[in-house]
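Structural overview for review
For reference, the chains in residue letters:
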Amino acid sequence: MITLSGISKQFKVATREKGVGAAIGSLFHREYKTVQALDNVSFAVGKGEIIGYIGPNGAGKSTTIKVMSGILTPDSGTCEVMGFTPWKNRRAYVANIGVVFGQRTQLWWDVPVMDSYDLLRSIYKIPPDRYKKTLERLTEMLELAPLLGTPLRQLSLGQRMRCEVAASMLHAPSILFLDEPTIGLDAVSKLRVRAFIKQLNIETGVTVLLTTHDMNDIEALTDRIVLIGKGRVLHDGSMRDVRARYDTARVLTVLFKTGAAPFTPEGTTLLSWADGRAAYELDSADCRVSDVIASLSNHMDIRDIEIAARPVEEIIAALYERYRV
Amino acid sequence: MKDNEYLAMFKMKLIEGFQYRAAALAGIATQFFFGFMFLMIYYAFYQGSAEAQPMTFAELASYNWLRQAFLAAFVMWSQDNELLESITSGHVAYEFCRPYRLYELWYSRLMAQRLAAVLMRCLPIIAIASLLPAPWRLNPPDSALSLFLFIISISLGVLIATGVSMFVYIFTFLTMSPSGVRLVIVTMTEFLSGSILPAPLMPPMLQKVLYALPFVYTADMPFRVYSGHIAPREAFMNIGVQILWVVILFAVGKWCFYKIARRVVIQGG
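From a predicted model like this one, the values you see are computed outputs, not experimental measurements.

**Examining the overall build of chain A**
Counting secondary structure elements, chain A contains 11 helices and 13 strands. The C-alpha radius of gyration computed for chain A amounts to 25 Å, which surpasses the reference 20 Å derived for 325 residues by more than 25%, pointing to a less compact arrangement than a globule. Along the first, second and third principal axes, the C-alpha atoms of chain A reach 75 × 55 × 40 Å. When each of the 325 residues of chain A is scored for burial, the buried share is 37%. Look at the contacts in chain A between residues 6 or more apart in sequence, and 72% of them connect residues 24 or more apart.

Shown next as structure tokens:
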């Protein structure tokens, strides 16, 4: 469906020292700095797949999306989406894709949402009966009915984002690019947007490429992530792999009958000890959790046990650190 | 026709434009203030001069009220701020993800905005200005033919103004700030379109310059067709020049637009 190979893109950014002198100087002579936004980016996405495209701010996520949606022309490399090169035959190509930029809006600020949708219908030349059906479907899935008659400016961010996502699906695109679709949303709105994306993917087989900083989005939607940093693809694989490789640290908390003497099983580090409650850290790659529990139960009368893995955010942060991005 | 995106955008902008009733009312009030002020200044000049002027005061009064009524059709300070803002903020990215021709679409968008603003303001101003006492009032058109030619030429004037406007957006792509280019275009066109002084009242040398440029054809010329200052025969020729300008501006604007849009870098995010 989507194949990127060796995509590179540089930007020229004007730079100058701070201060009035430098500002005046820059009137006559500008210094430019080249920023390598994308450096030999390659990956492929299959039909009907959902992939999470993650990386820290400034890593090149949005640039990649802009290349794939035909907005930017890369300096080198090839990109093929559904047989099109996005930045050539732009008009023919973009009829097949839907785009949501979470930080931008595609709907009209001062007119009711429905009017914006009607405009999109004309733009994409959607046959009226198909449009009606799609709209009914989207209205039901995203609970848009009470929102459609309201001007966009009077909607909350969560309501607005639901309208935005629906807007990008009106023409039934084969690919959906979602650039931070859950940014700034509250927990309930996030859940609803996620559920919608998932349902849409299952029902229509739409291919979804999603960038986000919220790892819960990734966990809820997909197993495949592509990690990008400083313009390069650092990791392309399943979330499970990442977990297996980087998520081996466990925190084990035991509640036990009071009166036991302080004790640290082999291979663990004692984090805290109070009478009746102890916490240990261990690395599941080095020692088996079952051995630790066995050794603990020999020593004390265990009443409850809790084993916690690190939250995904921390795993990703560890990944970023590992790759120094 | 139903699925024409350019028409749909036109309709959309009209819908949006008609929402701004308060702005229209305030606009009408302002237009009357300026209309009276200009007329009184002209009146003082006309009283103070013994020579015959190139325009009668009645023609000038009509000219003045038409200018106030149709102001939104041609002034350059009225631009689509939403669109300008979308260029500087990068929201314009969405526009590039749509299967339409951007220049053509924006053209119909800007045209509709001008039209909506004019339609909401012109009728009340025309009605009230027609009821004013004799030397000050908006006179009826010179003839039915003059009225007809006026309607055609003011419509073409809107197209010329739209074509000129597009350059504001083109330059905004380059400079990423609309204020500079806007200022230059506004000051230039205010004077060159006869908004400050009707073209016939300018020195002959300057008139030559004016007629070589498109701006005078946005407003000055249609208003003089209405009052009969430009006779119908002459008007036909002027309308020909207008059409020429519409085509030239559209073609040059479109060429520049796509040339620049190709190099565009979407800001932020």
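Read on, since the account is not over.
**Remarks on the domain arrangement of chain A**
Split by domain assignment, chain A resolves into domain 1 (2-243) and domain 2 (248-309). The C-alpha-based centres of domain 1 of chain A and domain 2 of chain A are spaced at 45 Å.

**Topic: the confidence of the model for chain B**
Mean pLDDT for chain B: 87, with 96% of residues reaching 70 or above. Our summary of model confidence lists the complex with pTM equal to 0.79 and ipTM equal to 0.73.

**Things to note about unusual backbone geometry**
Residues and elements named next belong to chain A. You will see that Ala 172, though not glycine, has its phi angle at about 45 degrees, which is positive. The partly exposed category is assigned to Ala 172, around which 16 C-beta atoms lie within 10 Å. Residues other than glycine seldom take positive phi values, yet Glu 180 does so here, at roughly 50 degrees.

**Here's the deal with the sheet that holds strand S4 (residues 76-81) of chain A**
All names here are of chain A. Spatially, the three strands line up as an open sheet ordered S2-S1-S4, and their pairing is antiparallel. Looking along the sheet, the strands with just one partner apiece sit at the ends: strand S2 (31-45) and S4. Across this sheet, the average inter-strand angle for adjacent strands is 30 degrees, counted without regard to direction. For strand S1 (residues 2-15) and S2, the ladder comprises 11 bridges, and the chain directions are antiparallel. In the strand pairing of S2, Ile 2 is matched with Val 45.

Rules behind the numbers
Residues numbered from 1 in each chain as written. Chains lettered and ligands numbered in written order. Predicted model: local features only at pLDDT ≥ 70, side-chain atom pairs only at ≥ 80, totals over all residues. Helix = DSSP H or I, 4+ residues; strand = E, 2+ residues; numbered from the N terminus. Rg over C-alpha atoms; globule rule 2.2 N^0.38 Å. Buried ≥ 20, exposed ≤ 12 C-beta atoms within 10 Å, placed from the backbone. Contact = placed C-beta atoms within 7 Å. Domains from an automatic or database assignment. pLDDT = per-residue confidence, 0-100. Pairing = 2+ DSSP bridges. Axes fitted to C-alpha atoms, helices over the stretch in contact; angles between N-to-C directions.

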